[in-house]
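Architecture and fold: a report
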Amino acid sequence: MFGSLLLACLFLHLVVSVPQPPCRRCCDHLPALDEAATLRERTPAMPEVRTYINMTILKGDKGDRGERGTPGKPGIEGSLGPRGSEGPKGDKGQAGAPGDACKSQYSAFSVGRRKSLHSVDNYQALIFDTIFVNSPEHFDMFAGKYRCQIPGIYFFNVNIHTWNFKETYLHIMQNNSEKAIVYAQPSDRSIMQSQSIMLLLQEGDEVWVRLYKRERENAIYSDDVDMYITFNGYLVKPETE
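Residues numbered from 1 in each chain as written. Predicted model: local features only at pLDDT ≥ 70, side-chain atom pairs only at ≥ 80, totals over all residues. Heavy atoms only, no water.

- The name that an unreviewed UniProt entry assigns to the protein is C1q and TNF related 6a, with the source organism given as Cyprinus carpio carpio.
- Regarding the protein, the relevant UniProt record gives this comment under Subcellular location (unreviewed entry): "Secreted, Extracellular space, Extracellular matrix". (UniProt positions renumbered as here; feature names shortened; annotations may be inferred.)

1. Some thoughts on unusual backbone geometry
- Residue Pro136 is reached from Ser135 by a cis peptide bond, and omega for that bond is 0°.
- Within the fold, Pro136 resides in the loop between strand 4 (130-135) and strand 5 (139-140).
- Its identity as a non-glycine residue notwithstanding, Glu137 has a phi of 60°, on the positive side.
- Here Glu137 lies in the loop between strand 4 and strand 5.
- Unlike most non-glycine residues, Asn175 shows phi in positive territory, near 60°.
- Tracing the backbone through its elements, the reader meets Asn175 in the loop between strand 8 (168-174) and strand 9 (177-184). (Helix = DSSP H or I, 4+ residues; strand = E, 2+ residues; numbered from the N terminus.)

2. Regarding the pairing of strand 9
- Relative to strand 9, strand 8 runs antiparallel, the two sharing seven bridges. Opposite Gln174, over in strand 9, you have Ser177 as the bridge partner.
- Hairpin connection, strand 8 to strand 9: the antiparallel pair is bridged by two residues, and Asn175 has positive phi, about 60°. (Pairing = 2+ DSSP bridges.)

3. Section: the confidence of the model for the protein
- Chain-level statistics for the protein give a pLDDT mean of 82 and a share of 74% at 70 or above.
- For the protein, helix 1 (residues 2-17) is the element with the lowest average pLDDT, namely 53, and strand 1 (residues 108-113) is the one with the highest, namely 98.
- Confidence over residues 14-18 falls short of pLDDT 50; this stretch has zero contacts with residues more than four positions distant or in other chains. (pLDDT = per-residue confidence, 0-100. Contact = heavy atoms within 4.5 Å.)

4. Details of the pattern of salt bridges
- For the coordinates displayed, the defined rule picks out four salt bridges.
- Salt-bridge contacts for Lys145 lead to Glu206; the nearest nitrogen and oxygen are separated by 3.6 Å. One end of the pair, Lys145, is in strand 6 (residues 145-147); the other, Glu206, is in strand 11 (residues 206-211), and 61 residues separate them in sequence. Residue Lys145 shares its accessibility class with Glu206, and that shared class is buried.
- A salt bridge links Arg210 to Glu178, with the nearest nitrogen and oxygen atoms 2.4 Å apart. With Arg210 in strand 11 and Glu178 in strand 9, this residue pair connects regions lying 32 residues apart in the sequence.
- Judged by relative accessible area, which is 8%, Arg210 ranks as buried.
- Counted as one network, the salt bridges with shared partners bring together Asp140, Lys145, Arg147 and Glu206. (Salt bridge = Lys/Arg side-chain N within 4 Å of Asp/Glu carboxyl O. Buried < 20%, exposed > 50% of the residue type's maximum accessible area, 1.4 Å probe, protein only.)

5. Topic: the sheet that holds strand 1
- An order of 4-1-13-7-10 is seen for the five strands of this open sheet, with the pairing classed as antiparallel. Where the open sheet ends on each side, the last strands, each with one partner, are strand 4 and strand 10 (192-201). Neighbouring strand axes in the sheet, compared pairwise and without regard to direction, differ in orientation by 10° on average.
- Two elements, strand 7 (residues 152-161) and strand 10, share ten bridges in a ladder whose sense is antiparallel. Residue pairing in the sheet places Asn157 in a bridge with Ser196 of strand 10. (Axes fitted to C-alpha atoms, helices over the stretch in contact; angles between N-to-C directions.)

6. Notes on the environment of Ala180
- Topologically, Ala180 is positioned in strand 9.
- For Ala180, the contacting residues outside a window of four places in its chain are Leu170, His171, Ile172, Gln195 and Ile197.

7. Focus: the nonpolar core
- The biggest cluster of nonpolar side chains holds 29 residues, and the ones touching the most others in it are Phe156 and Phe231.
- Secondary structure elements with two or more residues in this core: strand 1, strand 7, strand 8, strand 9, strand 10, strand 11 and strand 13 (229-238).
- Element by element, the count of residues in this core is highest for strand 7, at four residues.
- Phe231 has contacts with Phe109, Ser110, Val111, Phe128, Phe139, Phe156, Asn157, Val158, Val207, Trp208 and Val209, leaving out every residue within four places of it along the chain. (Core = buried A, V, L, I, M, F, W, Y, C linked by side-chain atoms within 4.5 Å.)

Printed below as a string of structure tokens:
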């Protein structure tokens, strides 16, 4: 025990007898405040460092296409621009399909009479016995009347030969209406008389030649050799084409 106490005393003596360095503060090496301000003024400023991130490095894969948005309101119409230059001539197109055949409307007749006719107590329709043209058979040979099938404008003409010393008195009739007269006074010489007219007809109208009744002694002449009496008509312009 005495030995242990002796060793402890020797160790303590060694620790106390080792010389220690003088005490210094951690900031003793820094210059004074005035000297530090002067030093900052003389020291060049350090450049500012800014961080730059290259986004292309961070760019990811292309995403899916989004849904179509709602169309916006139409803008105000702009002013008309200048006329552009004429473009090149295009290629010739293909021929079209053939059209329907043209449907023309027509009606015509020409008839004659080889017998003379004298007036009687009543009016007489002039009946004809010879057909030159009747297409498409709109003239009724038994009644001596043209019956309109195509409304429109028509031309009519009648030719007769007078009788010596007798009056000639006929009318071109539309239905029961007198439209034009064929007249010649009694004479010792017979002559040819003619009358023409244009009429606007509706479907069902009738056109014919009427000999006046006996109170006016009149007659028309014809024979089997020559054709003196003729009645002609044709459609000039249909009402609808």
